[in-house]
Amino acid sequence: MGEGPLDVVFVPGVISHLDLQWALPGARLFFERLASFSRLILFDKRGAGLSDPVAGPAPLALCGAFICGNLDADDKPGGEHFVQTAKLVDEAMRDWGSGRMMRLFAPSAEGSLLHQGMASFERAAASPRMARAFYDMNVETDVRDILPTVSVPTLVVHREHEIMDIEQARYAALHIPGAKLVVLAGEDHIPFFGDVDRYVGEIESFLRSPITEQPPERVLTSVLFTDIVASTERASELGDRRWRELLEEHYRTVRELLAHFRGREVTTTGDGFLACFDGPARAIRCAQTLIERLERADIPIRAGIHTGECEAIGDDLAGIAVHIGARIAAMGGSGELLVSSTVKDLVVGSGISFQSHGEHALKGIPDPWTVYRVLGDEDTDRAASTPIADDRKITARDRALLAAVRRAPALTRRLAGRSA
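**Q** Before we move on, could you go through unusual backbone geometry and cite the residues and values that matter?
**A** The bulk of non-glycine residues show a negative phi, and the bulk of peptide bonds are trans. Even without a glycine there, the phi angle at Arg262 is positive, about 60°. If you trace the backbone, Arg262 turns up in the loop between α9 (240-260) and β6 (264-268). According to the relative accessible area criterion, Arg262 is exposed, its value standing at 56%. The backbone phi angle of Asp298 is positive, close to 60°, even though this residue is not glycine.

**Q** So what about helix α10 (residues 280-296)? Which residues, and what values?
**A** For an α-helix, the turn length of 3.6 residues means that residues three or four places apart are oriented alike. With 17 residues, α10 should reach 24 Å at 1.5 Å per residue; the first-to-last C-alpha distance of 25 Å fits that figure. Immediately downstream of α10, the backbone of Asp298 shows phi near 60°, a positive value.

**Q** With reference to specific residues and values, describe the pairing of strand β8 (residues 301-313).
**A** The element β8 is largely enclosed, with a buried count of ten among its 13 residues. In terms of strand pairing, β8 meets strand β10 (residues 337-340) through three bridges, oriented parallel. The residue of β10 that forms the bridge with Ile305 is Val339. As defined by bridge partners, β8 adjoins strand β9 (residues 316-318) across three bridges and the pair is classed as antiparallel.

**Q** How would you summarise the pattern of salt bridges if you had to cite specific residues and measurements?
**A** Evaluation of the coordinates by the stated rule reveals 24 salt bridges. Linked through salt bridges whose partners overlap, the residues forming this network are Arg33, Asp197, Glu204 and Arg208.

**Q** Could you give an account of the environment of Pro25, naming the residues involved and the relevant values?
**A** Within the element layout of this structure, Pro25 appears in the loop between β1 (6-10) and α1 (27-35). Measuring from C-alpha to C-alpha, the distance between Pro25 and Phe192 comes to 7.1 Å, with 167 residues separating the pair along the chain. Residues contacting Pro25, with those up to four places away along its chain left out, are Leu114, Phe192 and Phe193.

The rules behind the values
In every chain, residue numbers begin from 1 and rise along the written sequence. It should be noted that, the model being predicted, local features are given only for residues of pLDDT at least 70 and side-chain atom pairs only at 80 or more, the latter also being counted only at that level, while totals for whole chains, interfaces and linings use all residues. Computation of side-chain values covers all heavy atoms of the structure but excludes hydrogens and water. Secondary structure elements follow DSSP: runs of H or I of four or more residues count as helices, runs of E of two or more count as strands, with numbering from the N terminus. Any residue under 20% of the maximum accessible area for its type is buried, any over 50% is exposed, and the rest in between are partly exposed; the area is computed with a 1.4 Å probe on protein chains only. Take the number of residues in a helix, subtract one, and multiply by 1.5 Å to get its expected span. When DSSP locates at least two bridges between a pair of strands, those strands are taken to pair. Salt bridge, as used here, is a side-chain nitrogen of Lys or Arg placed within 4 Å of a carboxyl oxygen of Asp or Glu. It only takes one pair of heavy atoms within 4.5 Å for two residues to be counted as in contact.

Set out below in C-alpha cells:
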C-alpha cells in the first residue's frame with residue numbers, strides 16, 4: 001500500500017495476520033502513516049496468519065531490539081531481568097488463545113471487548129503448537145557474533161518500559177557499526193499501541209535522512225592470516241631483548257616475501273599478519289615459503305587462507321570473508337597452512353596438493369566449512385630454496401652487462417674479460 005518513493009518492508013513479530021490485523025486499534029493508523037511516505041509491503045511469515053502451515057519456522061537471524069534469547073543470566077543482555085521476562089512469556093504461552101500474551105506485549109490496551117478481540121487474533125494467527133515453535137525459536141536465537149558485520153545504516157527503536165528488556169536494544173545499537181538507538185516513552189512492545197505517530201515519525205525521519213556515508217567498496221581477494229605459534233610462551237622463555245630480535249626477523253621475512261609474491265600487508269597483530277593477494281595460488285605459495293623460511297630461523301608459524309568478497313575500508317579489509325580466514329588460521333598447528341574449500345576449488349590445475357582437514361563449525365559463521373591442509377607443490381619448494389633478488393643491490397654496470405647479453409654475446413665476453 002502507498003505510493004511513496006521509498007520501499008518499506010514491515011517484518012512482523014512472533015505472529016501476524018494480514019486480514020485480521022486491520023481490526024486492531026492503532027494498526028490502521030500505523031500502516032497508513034508508514035504508507036504516507038512509502039510503498040509499504042506487508043507479509044505473513046511462513047506458518048503464521050494467511051501463510052500456509054509448515055512443520056516449523058524457517059531459520060532466522062534477527063538483528064534489532066532482540067538479539068539473544070538464551071536463558072543464561074550471566075551471559076546475556078538484560079541478565080536476570082530478561083530471564084524473569086522469559087518466564088512470564090512462557091506462562092502466557094500455556095494459555096494461548098486467551099489474549100494473555102497480547103496483554104503482556106500491549107499493556108496499555110484496555111477494555112474487555114478489546115481483550116476478546118485480542119484472544120481471537122491469537123487463535124487466528126497461529127495454532128498453540130505453532131506459537132510454541134516460534135517461542136522456542138526466539139529463545140534459541142543468538143546473533144551477537146554477527147552484529148559487527150552488519151554494514152547498512154541501522155535504527156534501533158525501543159520503548160523504555162516494554163516487556164522486552166531495553167538492554168537488548170542497547171547491546172544491538174552498541175555492536176552494530178553506526179547504529180542509532182531511539183528510546184521512546186511507553187510500555188507497549190507492539191508498535192500499533194501507544195504513541196503510534198511518534199514511533200512512525202522516528203522511522204520516517206531515519207529513512208528520509210540523507211545517507212552521507214558511502215557504502216564500503218567490496219573487492220574479491222585472497223586473505224592470508226599468519227601468527228607465531230605459542231608466542232606468549234616463547235616471549236617468556238627468550239626474554240624481552242631476544243624476543244624483539246626474533247620479531248624483527250619475523251617482520252623482515254614476511255615483508256620481503258610479500259613483496260616477492262606481490263601481496264599487500266593489511267595489518268599486523270604483533271605476532272601475526274593479515275595480508276591480501278589478487279590470486280589464491282600466489283597466496284598459498286607465499287605462505288608455504290614463509291613457513292619454511294621462518295622454520296629455519298626457529299620461528300614456527302601457522303597460516304590460513306580464504307578467498308571471498310571483502311569490504312575495503314581505506315587500506316583495511318573487513319567482512320565475513322576476513323572472519324573466515326582468521327577462524328581457519330586459528331585451527332592450524334605449528335608449520336600448518338590451512339585453506340577453505342573455496343581456495344581449493346579456485347586453484348584446480350595449479351599443481352598444488354591438499355589433504356582434507358575435515359568439516360568445521362566456524363564461530364560466528366553460518367553453516368559448517370570444509371577445510372584443507374596444503375601439502376605443497378614444486379613451485380613452492382623451488383621458491384623456498386632460492387634467495388630473493390634485491391633490485392637495490394644491482395649496480396649500473398650490472399644493468400649494462402645484462403642489456404649487452406641480450407644484444408651481443410661477443411661484446412659481453414669482451415666486457416667481462418676487461419673486468420677480469
